[in-house]
Amino acid sequence: MKLKIAQLPGDGIGPEVVEQAVKAVNAVCKKFGHEAEYTFAYAGACAIDKFGNPYPDETHEICMQSDAVLFGAVGDPRFDNDPTAKVRPEQGLLAMRKKLGLYANLRPVETFKSLISKSPLKTELVDGADLMCIRELTGGMYFGEKGRKENGNVAYDTCIYSREEVERILKLAFEYAMKRRKKLTVVDKANVLESSRLWRQIAQEIAPKYPEVEVDYMFVDNAAMQLIRFPKHFDVMVTENMFGDILTDEASCITGSMGLLASASIGVHTSVFEPIHGSYPQAAGKNIANPLATILSAAMMFEYAFGLMDEGRAIRNAVAKSIEAGVVTEDLANGAKSYSTSEVGDWVAANI
Ligand code: IPM
Ligand code: MN
């Protein structure tokens, strides 16, 4: 199979970790007889520097023409500490999600036996936890009307959702639950927010169509607590954009490192595969960042964009093996010998 991949490394550690994922993709292609063709494109702060736009039209065209997008991270401290900046790297990521219609962000949380001791949670709580967080990605407060009034002294962001937006993500979540352990937790704040009440209403309308799925409604504050109190309670969790952003960072602790959480963003046009961690500017160029989340995102790319399950599994197995063998970056090394970003990437590729 010919795989047309748009490569958007972005900023900070993005280029280093994407480079390792590309090694894994190439190893899989060699093993299974596929041919990967990469087209590089700018996104984030590097795109602002070059084009004055964090998601230039050229980049969008390349994404639209590709079968999948492999994405690193965006962000730059030059913008973080300047609340008056007119353009921000993150706007590029948001523009990409919106223009590609990527309304569903799938963030699986899986545990690796040999890493359980790295989790801040007790082993018996974490061992066997396996959940899929489905975050709505193109609506809510991220995209609702925002602004300032009264001379800039009052600021607002609007959380807005349409029936259509809520229906499509909830249907997708029910379908996922059917493919897994048939348990769905709908997370909202329906005791306070009108948008959450629309979510819950629509979830209750859809639920009878999936009688096998056990649905559970949970307020987001409680969900934040249950996630670390009893992570094994969850199978599929679905929630709106901002709640999902926050809960998935929290969920990444369950596994022991944020450097392990991969994601797939799917929807109308080309799907995007990216680690959930950010650009980690302090580590940029130091060859110390954990590349496994991006490598696992490449595994999701094979599975979700190309339907190539064995290829995805080959990457997952090699990643699990590297963790077991202790060929990991310092965040996972537990004080033992650690390896550089590129050494981990080489080892994983060699073991595919
Ligand atoms: C994420 C990130 C982004 C988000 C930022 C970089 C805009 O935190 O993908 O979770 O908030 O969605
Ligand atoms: Mn986030």
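This text goes with the structure placed above it.
What counts, and at which threshold
- Residues numbered from 1 in each chain as written.
- Chains lettered and ligands numbered in written order.
- Predicted model: local features only at pLDDT ≥ 70, side-chain atom pairs only at ≥ 80, totals over all residues.
- Heavy atoms only, no water.
- Core = buried A, V, L, I, M, F, W, Y, C linked by side-chain atoms within 4.5 Å.
- Buried < 20%, exposed > 50% of the residue type's maximum accessible area, 1.4 Å probe, protein only.
- Domains from an automatic or database assignment.
- Phe/Tyr/Trp six-rings, centres within 6.5 Å; stacked < 30°, edge-to-face > 60°.
- Lys NZ or Arg CZ within 6 Å of the ring centre and 35° of its normal.
- Salt bridge = Lys/Arg side-chain N within 4 Å of Asp/Glu carboxyl O.
- Helix = DSSP H or I, 4+ residues; strand = E, 2+ residues; numbered from the N terminus.
- Near = heavy atom within 4 Å.
- Polar contact = N/O pair within 3.5 Å; in protein donor to acceptor, adjacent residues only side chain to side chain.
- Areas by Shrake-Rupley, 256 points an atom, 1.4 Å probe, with all protein chains shown as cover.

Caption draft 1: Inspection of the nonpolar core at higher detail. Core analysis: the biggest nonpolar cluster contains 66 residues, and I134 and I315 have the highest contact counts within it. Composition of this core by domain shows at least three residues from each of domain 1 (1-104 + 259-352) and domain 2 (120-255). In terms of nonpolar packing, the next biggest core, distinct from the first, is built from 20 residues, V126, L131, V187 and A223 among them.

Caption draft 2: Structural detail: the packing of aromatic side chains. Here the structure, examined in full by the defined rule, presents five aromatic pairs. Ring centres of Y42 and F51 lie 5.7 Å apart, and the angle between their planes is 70 degrees; on these two criteria the pair is classed as edge-to-face. F51 sits in the partly exposed class, given a relative accessible area of 37%. Each member of the aromatic cluster is reached from another via a ring pair, and the members are F40, Y42 and F51. In this arrangement the basic side chain of K149 is found over the ring face of Y156, its NZ or CZ atom lying 5.4 Å from the centre.

Caption draft 3: Seen up close, the pattern of salt bridges. One pass over the structure, following the stated rule, counts 23 salt bridges. A salt bridge links R163 to E205; its shortest N-O distance comes to 2.9 Å. Within this pair, whereas R163 is found in helix α7 (residues 163-179), its partner E205 is found in helix α8 (residues 194-206), the two being separated by 42 residues in sequence. Owing to a relative accessible area of 34%, R163 belongs among the partly exposed residues under this scheme.

Caption draft 4: Just the site of ligand 1, in detail. Around ligand 1, the neighbouring residues are E90, L93, R97, R107, R135, Y142 and D245. Between ligand 1 and the protein, one listed contact pairs an oxygen atom with a side-chain N or O atom of R107 at 3.0 Å. Taking Y142, its side chain carries an N or O atom lying 2.5 Å from an oxygen atom of ligand 1. Its free accessible area being 320 Å², ligand 1 has 79% of it covered by the protein chains. Looking at the shell around ligand 1, the element that brings in the most residues is helix α5 (residues 89-99), giving three residues.

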